Amino acid sequence: MAQPLHIAHLYPDLLNLYADRGNIRTLRMRCLWRGIEVTVSEVPAGSRPDFARYHLVLLGGGSDREQAIVGETLAKWKGELRAAIEAGMPLLAICGGYQLLGSYYQLPDGTKVPGLDLLDLVTVAGSPRLIGNVAVESDLCGTIVGFENHGGRTTHNHEPLGKVVRGCGNNGKDGYEGVQYKHVIGTYIHGPLLPKNPRLADLVLARARAYQGVDHPLEPLDDTLEDAARKAFLTRRVQL
Ligand code: GLN
C-alpha cells in the first residue's frame, strides 16, 4: 500500500492572502476523488518544516510584513529546501511566496527583504499596485486564469510560467508571468489559482506522485464545473 501523498502548507497563519488556502483544498479533493490517500501538514509560524517528509509544498501570498517574517524563518532552513528542490520536490509559490524564492524583495522605502536565494530572481516594489484579472498562456497546461494584486515587480533569468494574455504578470513590462525551475512553479496568480485551473492542479499532483515514487498516471476527473468556471472567467472577466 503506497504511503499517503504528503502535502505541506507552509505558514498559512502568515501567508494566505486571497484564499491561497484554496489551492490546498483543491489538491486534497483531487486526490480524494481519485481514492488517493493524502495528508496535509500545516506548518505554523516559526516552525521548522520537515522537507524530507513532504511530496509537495505550498507557500502562499502575504503582505510585505508577513512575507519578511516568513523569509527570516525559512532562511534558517533554506539549505534543506534547496536540496529538496534540486531533488525534484514540487513547490508551488504564490505571489509573496514566489518573491521569497529570489535574492530580495525591495520595499517601497528601499529596504530589502532578504529572499531565500533559491532562484536567480529579484523583486522591486513599484507603484501603482498591479491589480486585476489575469490570463496567461503556458506550455505546461494551456491557459491559466486568475487574479493578481502585487506591488512587487519581479525579474528573473529562468523560464517563465507563461506569456501574459491579459493583465500584468511579473512586472507589467516584459509580457511574462511566473517562473519555472525544475518542479518549482512561482506565480502571481491568486484566485485561488488551482480551482479554476484543473490541468495545472493535476500537473502539480502528478509531479508530487512521481516524486513520491508512485509511477502511474492520474485517473481523469469530470471537470465540467471547473471548465464552466474558466469559460465564465474568460468570457466575462478577460474577454478572451
Ligand atoms: N507583498 C507582496 C507585494 O505586494 C506580495 C503580495 C501578495 O502576496 N499578494 O508585491
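Owing to the predicted nature of the structure, the values given are computational and were not obtained by experimental measurement.

### Comments concerning the overall build of the chain
Moving on, step 1. Along the chain, the regular secondary structure elements total 6 helices and 12 strands.
Moving on, step 2. Taking 240 residues into account, the globule formula puts the C-alpha radius of gyration at 18 Å, and the chain, at 17 Å, falls close to it.
Moving on, step 3. Taking as baseline every contact in the chain between residues at least 6 positions apart, the subset at least 24 positions apart corresponds to 68%.
Moving on, step 4. As displayed, the chain has an accessible area near 10,500 Å², and 52% of this comes from carbon and sulfur atoms.

### Digging into the site of the ligand
Moving on, step 1. Within the structure, the ligand sits among 17 residues, and G62, D64, C95, Q99 and G152 are positioned closest to it.
Moving on, step 2. A distance of 3.0 Å is found between an oxygen atom of the ligand and a backbone nitrogen or oxygen belonging to G96.
Moving on, step 3. Interatomic distance of 3.2 Å between a side-chain N/O atom of R129 and an oxygen atom of the ligand.
Moving on, step 4. In isolation the ligand offers 300 Å² of accessible surface; the protein chains occlude 99% of this area.
Moving on, step 5. Counting only elements with at least two residues in the shell around the ligand, the list comes to helix 2 (64-75), helix 4 (96-99) and strand 8 (142-156).
Moving on, step 6. At 4 residues, the largest contribution of residues to the shell around the ligand is made by strand 8.
Moving on, step 7. Its residues assigned to classes, the shell around the ligand comprises 4 nonpolar, 11 polar and 2 charged.

### Focus: the nonpolar core
Across soluble globular proteins, nonpolar side chains show a tendency to be buried alongside one another.
Moving on, step 1. Formed by 57 residues in total, the largest nonpolar core has its most connected members in L10, F51 and L200.
Moving on, step 2. In terms of residue count, helix 5 (residues 198-212) provides more of this core than any other element does, 6 residues in total.
Moving on, step 3. If sequence neighbours within four positions are ignored, L200 has contacts with C141, I144, I185, L193 and L194.
Moving on, step 4. Core analysis: the second largest hydrophobic core is formed by 5 residues, A135, V145, L234 and V238 among them.

### So, the sheet that holds strand 1 (residues 5-10)
Moving on, step 1. Across the sheet, 6 strands lie side by side as 2-1-3-4-12-11; this open sheet has mixed pairing. Taken across any chain shown, the strands that pair with only one partner, and hence form the sheet edges, are strand 2 (38-43) and strand 11 (179-181). The sheet shows a mean angle of 15° between the axes of neighbouring strands, taken without regard to direction.
Moving on, step 2. The sheet contact formed by strand 1 and strand 3 (residues 56-59) spans 4 bridges and is parallel. In the sheet register, A8 faces strand 3, and the bridge partner there is V57.

### Some thoughts on the packing of helix 1 (residues 21-32) against helix 5
How two helices sit against one another is set out by the angle between their axes and by the gap between those axes.
Moving on, step 1. In the contact formed by helix 1 and helix 5, the axes pass within 10 Å of each other and the chain directions differ by 75°. As summarised for this structure, helix 1 and helix 5 are arranged roughly perpendicular, according to the angle between their axes. Side by side, helix 1 and helix 5 meet where T26, L27, R30 and C31 of the first sit next to P198, A201, D202, V204 and L205 of the second.
Moving on, step 2. When its residues are assigned to classes, the contact of helix 1 with helix 5 shows 6 nonpolar, 1 polar and 2 charged.

### Describing the side chain of H150
Moving on, step 1. The residue H150 is located in strand 8 in this model.
Moving on, step 2. Residue classification places H150 among the buried positions, given a relative accessible area of 1%.
Moving on, step 3. Looking at H150, its side chain comes within polar contact range of the side chain of E148, at 3.0 Å.
Moving on, step 4. In this structure the side chain of H150 is engaged in a polar contact, spanning 2.8 Å, whose partner is the backbone oxygen of G152.
Moving on, step 5. Setting aside residues no more than four positions away along its own chain, H150 makes contact with C95, R129, L130, G169, N170 and Y188.

### Observations concerning the environment of A84
Moving on, step 1. Positionally, A84 belongs in helix 3 (residues 78-86).
Moving on, step 2. Looking at A84, the relative accessible area reads 7%, which means it is buried.
Moving on, step 3. For the pair formed by A84 and Y54, sequence separation is 30 residues and the distance between their alpha carbons is 9.2 Å.
Moving on, step 4. Sequence-distant contacts of A84, defined by excluding residues within four places in its chain, comprise F51, M89 and Y211.

Reading guide: rules and limits
Residues numbered from 1 in each chain as written. Predicted model: local features only at pLDDT ≥ 70, side-chain atom pairs only at ≥ 80, totals over all residues. Heavy atoms only, no water. Helix = DSSP H or I, 4+ residues; strand = E, 2+ residues; numbered from the N terminus. Rg over C-alpha atoms; globule rule 2.2 N^0.38 Å. Contact = heavy atoms within 4.5 Å. Areas by Shrake-Rupley, 256 points an atom, 1.4 Å probe, with all protein chains shown as cover. Near = heavy atom within 4 Å. Polar contact = N/O pair within 3.5 Å; in protein donor to acceptor, adjacent residues only side chain to side chain. Nonpolar A, V, L, I, M, F, W, Y, C, P; charged D, E, K, R; others polar. Core = buried A, V, L, I, M, F, W, Y, C linked by side-chain atoms within 4.5 Å. Buried < 20%, exposed > 50% of the residue type's maximum accessible area, 1.4 Å probe, protein only. Pairing = 2+ DSSP bridges. Axes fitted to C-alpha atoms, helices over the stretch in contact; angles between N-to-C directions. Parallel < 35°, antiparallel > 145°, perpendicular 65-115°, else oblique.

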